[in-house]
Amino acid sequence: MESMFSPDLSPRGSNRRQKEVKIIGFWADFLLDCEEKVTAVSLEDVLMFATGLAALPPAGMTPPPSIDFLTDSPFPMACTCTNTLKLPLLDSYSVFKTNMEFGIQNAPGFGCF
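My aim in this report is to walk through the structure given alongside it, one point at a time. (Residues numbered from 1 in each chain as written. Predicted model: local features only at pLDDT ≥ 70, side-chain atom pairs only at ≥ 80, totals over all residues. Heavy atoms only, no water.)

## Looking at the sheet that holds strand 4 (residues 84–88)
Whether parallel or antiparallel, the strands of a sheet pair through hydrogen bonds between backbone atoms. Spatially, 1-2-4-3 is the arrangement adopted by the four strands of the open sheet, whose pairing is mixed. In the strand order of this sheet, the two ends are held by strand 1 (6–7) and strand 3 (77–79), each with one partner. On top of the sheet, helix 2 (residues 43–51) reaches strand 3 and strand 4; it is set at about 60° to strand 3, its chief contact. (Pairing = 2+ DSSP bridges. Helix = DSSP H or I, 4+ residues; strand = E, 2+ residues; numbered from the N terminus. Contact = heavy atoms within 4.5 Å. Axes fitted to C-alpha atoms, helices over the stretch in contact; angles between N-to-C directions.)

Here it is as C-alpha cells:
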C-alpha cells in the first residue's frame, strides 16, 4: 500500500522537506506494523480512512492516492474525494503511531464497519 500513495513533498533542501521525508519513513513503518498486526488498526482500516474504499478496485483509483502534510494538527486527516491522506509532522514514531491509530479509529468511514 505504501507505493500506492505518492507524497507531495516540499522543495529539495528545505527544512520542511526533511521533516516530510522523516514522516514518509514513519508512514512506511506504520503500514508494516498494520500488516504485522501490531497496531490497533488494519490495512483495510487505513484504506477506508484515506479513500473511503473497503478494498482496492481492480482498475485502480482515480485520482491516484496522494499524501500531503499537516502542521496544524497532531492527527491524520483525509479527503476521500481526492484520495488525499494528510499526515501530521511529528517528531517521534511512537507519537505518530498513537495519533494515527486514534485518528483512524475515531473516524469510521461512511458508516462501514
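On we go from here.
## Topic: the pairing of strand 2 (residues 66–70)
In summary, the side chains of a regular strand alternate between the two faces of the sheet. Counting buried positions over the five residues of strand 2 gives four, a clear majority of the element. Here strand 1 pairs with strand 2 via two bridges, running parallel. Paired with Ser6 across the strands is Ser66, a residue of strand 2. One ladder, built from five bridges, connects strand 2 with strand 4; its direction is parallel. Paired with Ile67 across the strands is Leu85, a residue of strand 4. (Buried < 20%, exposed > 50% of the residue type's maximum accessible area, 1.4 Å probe, protein only.)

## Here we look at the packing of aromatic side chains
The full count for this structure, using the stated rule, is six aromatic pairs. Look at Phe26 and Phe96: their rings are 5.7 Å apart centre to centre, the planes differ by 50°, and that puts the pair in the tilted class. Here Phe96 lies in helix 3 (residues 93–105) and Phe26 lies in helix 1 (residues 15–35), a separation of 70 residues in the sequence. Residue classification places Phe96 among the buried residues on the basis of a relative accessible area of 0%. Aromatic rings pair up to connect Phe26, Phe30, Tyr93 and Phe96 into one cluster. (Phe/Tyr/Trp six-rings, centres within 6.5 Å; stacked < 30°, edge-to-face > 60°.)

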